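If you want the building blocks of each chain, they are given just below.
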Amino acid sequence: GQNLLVANLINIRYLSGFTGSNGYLIITPRHQELLTDFRYWEQAEEEAPDWTLIKANQNLIAELTFRVKKNRIKTLVLEADTVTIAQERLLKTRLPNVRMKPSMGIVEQLRMIKDAKEIEKVKKACSVADKALEEVSAMIKPGLREKDVANIILQAIRNAGGEKESFDPIVASGPLGARPHALASERRLKTGESVVVDFGAKVEGYCSDMTRTFHIGRPSNRFIKLYDIVLQAQQESIKAIKPGISCREIDTVARRIIGQAGYGNQFGHNLGHGVGLAVHEAPSFAPGNETRLAPGMILSVEPGIYIEEWGGIRIEDLIVVTEGGCEVLTQTDRTPRQLG
């Protein structure tokens, strides 16, 4: 059996239930230990009752060194995408006789498949976002700054029963919509422009993620035409989702539709990504991703078209893969909407 050191806080939460911001898990065939400091003792006892709680009075690395020696561990698997070079050097200095094996994605593989409880939490987070967007869209009007809209979103998430946002909301109006990750700015919304609104909520640690693109005032023909292409790409991709199909194949469905319409170069990101305790996790609907879909995977489907100096259109929903296909978790209407 392997001996695994878990340092990634999201993986620690996933495996043990512990939500503190300082800790390690040591997992061996015989032991499962949670190391944390005095700030979190009671919390750790409550959240991780099945784990042996190791209370570090001094720094965690010293305690970790002691536990590895005490458990007579000769080989330790480290999370290569979490442990820093400095931390690894320190461990090697303190544990000269232990072989350190960097590894990728051990816990992330497990996290890809959600159980019924996890799916329920993501569904709740989606319905919080749906409710919040209803409140927000009633308030969007010309003259508001993008930042004002973002603040309304943050408040609306809490009003709808969310713990917090799953990332900083994106509110990108007019030409700024051409930047897929534009954060809300001082720019004011204007009639005759589109606005991309992308945000998510958290419920019991699980995230949602959705995007809608609105038009302020009467939409132009160009807006309606591009919106239809993006919506078709999204809906056809969703129809193609079922167990056994590779992530790459689903990405291709959307890329083909947008490409045939002449906007292949204007769709410059992956079709989607896994969502769970992190808002971006494995697997992804990406051109090179050969992961095969399986029931319980939750991913976003978010095609877009981005045109410099004009703006962008993106429509994003979360789906859960089911035995027979998939279920869409976000309910907000997808037809182009005129606001303000």
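Right above here is the structure, for reference.
Keep in mind that this is a model prediction, so the values were computed, not measured.

Some remarks on the sheet that holds strand 11 (residues 206-207)
For step 1, the next point in the chain: Pairing in this open sheet of three strands is antiparallel, and the strands run 7-10-11 from one edge to the other. If you trace the sheet from one side to the other, it starts and ends with strand 7 (164-165) and strand 11, each paired once.
For step 2, the next point in the chain: In terms of strand pairing, strand 7 meets strand 10 (residues 201-203) through two bridges, oriented antiparallel. Among the inter-strand pairings, Glu 165 is bridged to a residue of strand 10, identified as Ala 201.
For step 3, the next point in the chain: Lying on the sheet, helix 6 (residues 116-139) is in contact with strand 10 and strand 11; it crosses strand 10 at an angle near 140 degrees.

A word on the environment of Gly 296
For step 1, the next point in the chain: Checked against the element boundaries, Gly 296 lands in the loop between strand 14 (281-285) and strand 15 (298-301).
For step 2, the next point in the chain: The class for Gly 296 is buried, based on a relative accessible area of 7%.
For step 3, the next point in the chain: Here the alpha-carbon distance between Gly 296 and Asp 115, two residues 181 residues apart in the chain, equals 6.4 Å.
For step 4, the next point in the chain: Every residue in contact with Gly 296, bar those within four places of it in the chain, is listed here: Met 112, Ile 113, Lys 114, Ile 119, Val 320 and Val 321.

Thoughts on the pattern of salt bridges
For step 1, the next point in the chain: Following the criterion strictly, the structure yields 21 salt bridges and no others.
For step 2, the next point in the chain: The residue Asp 198 makes a salt bridge to Arg 314 at a minimum N-O spacing of 2.9 Å. Pair noted here: Asp 198 is in strand 9 (residues 194-199) and Arg 314 is in strand 17 (residues 311-314), with a separation of 116 residues, a long-range link.
For step 3, the next point in the chain: Given a relative accessible area of 5%, Asp 198 falls into the buried group.
For step 4, the next point in the chain: Given the relative accessible area of 2%, Arg 314 is considered buried.
For step 5, the next point in the chain: Measuring nitrogen to oxygen at the nearest pair gives 2.8 Å for the salt bridge that ties Arg 334 to Asp 317. Residue Arg 334 is found in the loop between strand 19 (326-328) and strand 20 (337-339), and its partner Asp 317 is found in strand 18 (residues 317-321); the two are separated by 17 residues along the sequence. Taken individually, Arg 334 and Asp 317 each receive the classification buried, so the pair is uniform in this respect.
For step 6, the next point in the chain: Via salt bridges that share partners, Arg 145, Lys 147, Asp 148 and Glu 186 belong to a single interconnected network.

Considerations on unusual backbone geometry
For step 1, the next point in the chain: Cis geometry is found at the peptide bond from Ala 282 to Pro 283, where omega equals -10 degrees.
For step 2, the next point in the chain: With respect to the helices and strands, the residue Pro 283 is situated in strand 14.
For step 3, the next point in the chain: For Glu 204, which is not glycine, the phi torsion reads 50 degrees and is therefore positive.
For step 4, the next point in the chain: Along the chain, the position of Glu 204 falls in the loop between strand 10 and strand 11.
For step 5, the next point in the chain: One non-glycine residue, Glu 309, lies in the positive phi region at around 70 degrees.

Concerning empty space enclosed by the protein
For step 1, the next point in the chain: Following the criterion strictly, the structure yields two cavities of 30 Å³ or more and no others.
For step 2, the next point in the chain: Of the volumes computed, that of the largest cavity is approximately 50 Å³.
For step 3, the next point in the chain: Lining the largest cavity are Leu 4, Val 77, Leu 78, Glu 79, Asp 81, Ser 103, Met 104, Gly 105, Ile 106, Val 107 and Glu 108.
For step 4, the next point in the chain: Listed by contribution, the elements that provide at least two residues to the lining of the largest cavity are strand 5 (75-79) and helix 5 (106-111).
For step 5, the next point in the chain: The residue inventory of the lining of the largest cavity, partitioned by class, reads six nonpolar, two polar and three charged.
For step 6, the next point in the chain: Forming the boundary of the second largest cavity are Leu 5, Tyr 24, Ile 61, Leu 64, Val 83, Gln 87 and Leu 91.
For step 7, the next point in the chain: Contributing elements (two or more residues each) for the lining of the second largest cavity: helix 3 (60-70) and helix 4 (85-94).
For step 8, the next point in the chain: In terms of residue class, the lining of the second largest cavity is built from six nonpolar, one polar and no charged.

About the cut-offs
Residues numbered from 1 in each chain as written. Predicted model: local features only at pLDDT ≥ 70, side-chain atom pairs only at ≥ 80, totals over all residues. Heavy atoms only, no water. Pairing = 2+ DSSP bridges. Helix = DSSP H or I, 4+ residues; strand = E, 2+ residues; numbered from the N terminus. Contact = heavy atoms within 4.5 Å. Axes fitted to C-alpha atoms, helices over the stretch in contact; angles between N-to-C directions. Buried < 20%, exposed > 50% of the residue type's maximum accessible area, 1.4 Å probe, protein only. Salt bridge = Lys/Arg side-chain N within 4 Å of Asp/Glu carboxyl O. 1 Å grid on protein atoms, 1.4 Å probe; cavity = no way out; pocket = protein on both sides within 12 Å on 5 of 7 lines; lining within 4 Å. Points joined across faces, edges and corners; volume = space filled by probe spheres on them. Nonpolar A, V, L, I, M, F, W, Y, C, P; charged D, E, K, R; others polar.

Read these as spatial facts, not as claims about activity.
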